[in-house]
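# A structural walkthrough
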Amino acid sequence: MAKQGKLYVVGFGPGDFKHITTRAVEALQESDFIIGYKTYVELIQDLITNEKTIISTGMTEEVSRAQEAVRQAETGKIVAVISSGDSGVYGMAGLVYEVLIEKGWTEANGIPIEIIPGISAINSCASLLGAPIMHDSCTISLSDHLTPWNLIAKRIEAAAMADFVIALYNPRSGRRTRQIVEAQRILLQYRSPDTPVGLVKSAYRDRQQITITNLSEMLENDIGMLTTVIIGNSSTFLYDNKMITPRGYQRKYTLHADKQALKPHQRLKEEAEPWAMDQKTGVQRIQSSVAVVEKVPKVESIKTEHPKVNSYEMALEALKRVTGKQPETTTTQYIHQDFEEIFELAVSPGVANKKFTPEQMMTLAMVVGEKGTMEYTPNHQILLKIPTSNPDEITSKLQNVGFLLSPVGDVLTLKACDFCDGEKTGGIPYAEEIQEKLGGMQLPKELTIGFNGCGMACYKAVNEDIGIIYRKGKFDLFLGAKPVGRTAHPGQPVAEGIEPDKIVEVISNIMKEYKENAHPNERLFKYFKRVKNIQGYIYQDIAPKIKIEPAPCGD
């Protein structure tokens, strides 16, 4: 009988070993595969033994991590997908469930899954600041990669109006710098400039930084992706560089007395809670001193023989008596946030053709409209992002004016030269055949094939993941270039003089092997380095030999 796999989704807390739960450590030790963002894998490296397979991927590769975890569990492996903090708070838990649901998973007969909780950033950072979340609080992520900014702004405003203590996650990155500025602007409409704010970077890690500031001055400090911003409510105060939020706006205890005026069983009685909701009328017994938007009016003078009638029904009856007419009632409007469909694709005039026609440019402007975007890419394509509910109509219009359409993401892209403006035609049919058969193929990681039509290689095919050079009627092949980074290097020449009728088959076989065997998010050069042999072509290390300091994203 085949071994049944299992999925663990592990939250390991802030990253310090002392704050990882025993159950999280047990799950890591039981697992055959550990899958996670590379920075998180490094944080728990000392807990992982050598016999385990580790798959680490970059930022924004959450979907591929979830898909690979499910795929490995389906083959009988025990897999741990790791998240910092708690896996159910902006972590991997929900995404793993989404992938399972797409496959028809049910708890009764599907792969067993266990979500292992961890200490979330709001809790770990709060512990370093004092006690800022002793009252009602919320978390809001400022990342608008998956959530429209206007919705995030509404949530910030609602939380500010309601006087929540607010924890902001993902406040700023190398590319997202404006969101935290807008968040501050919204908050200052409802909060005092002196409202205490705590900034915690890399909580409980080696580079931990703690800053106490206020709402008006918080942007004068260093805020990045590893920072959690905790903004106090109207009652939060500072003492000895600690943020303290009282448990409530009214106290049922006397701090300076050894013996409390009210015994525990007396504190929940109505007379001890004049600010609470009346359980018969559904309104607050007395007006609160807390500033809120649209206070509930006092109804102490209203007499009724029907205490079960709610305040809404009483208001309707009052309106009827004043106007002499039966008031119209409206159906409750529930809040619903529509998912915005963004259609993404890349377009170009053709494989060899690099010239756009006026008709093509006008068509682009028409289909993109005011809400879409156009971006020129290094692969001689224009990337389109278009809000639409009818992608077929868009593709039809683009194809009618002669555009070559390609998917985007982790796919194969052919980047050919212009073949000296079409004068050197020998290699064009083979480039077009590769595009027709392999273009847009889904792969573990985005991959570019550079194709040059002569030995000058002026379009730099040798610097792409795969380089193909048409020379003297035959093809030279280059594999394993590292196309980006300060340690970028060209591919190694692995073959010369490949016959024209063989080149498409050679590339197809390489792609087939890479697609089936590479890890998620593993670029071709990393795969080549790991396996040492692709379709008989032997890996040679041609990376720079000097030591170069790593440059993380954002540096």
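So, a few notes on the structure that sits alongside this text.

Read from one edge to the other, the open sheet built from five strands follows the order 3-2-4-1-5, with strand pairing classed as parallel. Each edge of the open sheet is held by one strand with a lone partner, namely strand 3 (53-57) and strand 5 (113-116). Recorded for the sheet is a direction-independent mean angle of 15° between the axes of neighbouring strands. Relative to strand 4 (residues 78-83), strand 1 (residues 6-11) is paired through six bridges, and the arrangement is parallel. Its bridge partner lying in strand 4, Tyr-8 is registered against Ala-80. Sheet strands touched by helix 3 (residues 62-74): strand 1, strand 2 (33-37), strand 3 and strand 4. Its angle to strand 2, the strand with the most contacts, is close to 175°.

Per the stated rule, a full pass over the model turns up eleven aromatic pairs. Their ring planes at 55° and their centres at 4.9 Å tell us that Tyr-90 and Tyr-169 sit as a pair that is tilted. In this pair, Tyr-90 is assigned in the loop between strand 4 and helix 4 (93-102) and Tyr-169 in strand 8 (residues 165-169), connecting sequence segments 79 residues apart. Under the relative-accessibility criterion, Tyr-90 is labelled partly exposed at 45%. Exposure remark for Tyr-169: the relative accessible area of 8% places this residue in the buried category. Three or more aromatic residues link up through ring pairs in this structure, and these residues are Phe-419, Tyr-430, Phe-451, Tyr-470 and Phe-475.

What follows deals with the sheet that holds strand 18 (residues 412-416). Reading across from one edge, 18-19-20-21-22 is the order of the five strands in this open sheet, with mixed pairing throughout. In this open sheet, the two edge strands, each paired with only one partner strand, are strand 18 and strand 22 (492-498). Sheet twist, expressed as the average angle between the axes of neighbouring strands with direction ignored, equals 20°. Pairing analysis gives four bridges linking strand 21 (residues 474-479) to strand 22, with the strands arranged antiparallel. Among the inter-strand pairings, Phe-475 is bridged to a residue of strand 22, identified as Ile-498. Where helix 13 (residues 500-517) meets the sheet, its contacts fall on strand 18, strand 19 (447-452), strand 20 (466-471), strand 21 and strand 22, and the angle it forms with strand 21 comes to roughly 20°.

What follows deals with helix 6 (residues 149-161). The end-to-end C-alpha distance of helix 6 is 18 Å, a good match for the 18 Å that 13 residues give at a rise of 1.5 Å each. Leu-151, Ile-152, Ala-153, Ile-156, Ala-159 and Ala-160 are the residues of helix 6 that are buried. As for helix 6, its buried residues are in contact with strand 7 (137-141), strand 8 and helix 7 (179-187). Within two residues after helix 6, Asp-163 carries a phi angle of roughly 65°, on the positive side.

Let's shift gears to unusual backbone geometry. Positive phi, close to 50°, is recorded for Phe-419, a residue that is not glycine. Within the secondary structure, Phe-419 sits in helix 11 (residues 419-422). The phi torsion at Ala-457 lies on the positive side, around 50°, for a residue other than glycine. Position of Ala-457 relative to the elements: it lies in the loop between strand 19 and strand 20.

About the thresholds
Residues numbered from 1 in each chain as written. Predicted model: local features only at pLDDT ≥ 70, side-chain atom pairs only at ≥ 80, totals over all residues. Heavy atoms only, no water. Pairing = 2+ DSSP bridges. Helix = DSSP H or I, 4+ residues; strand = E, 2+ residues; numbered from the N terminus. Axes fitted to C-alpha atoms, helices over the stretch in contact; angles between N-to-C directions. Contact = heavy atoms within 4.5 Å. Phe/Tyr/Trp six-rings, centres within 6.5 Å; stacked < 30°, edge-to-face > 60°. Buried < 20%, exposed > 50% of the residue type's maximum accessible area, 1.4 Å probe, protein only. Expected span 1.5 Å × (residues − 1).

Fair warning: the whole summary comes from geometry, so function is off the table for now.
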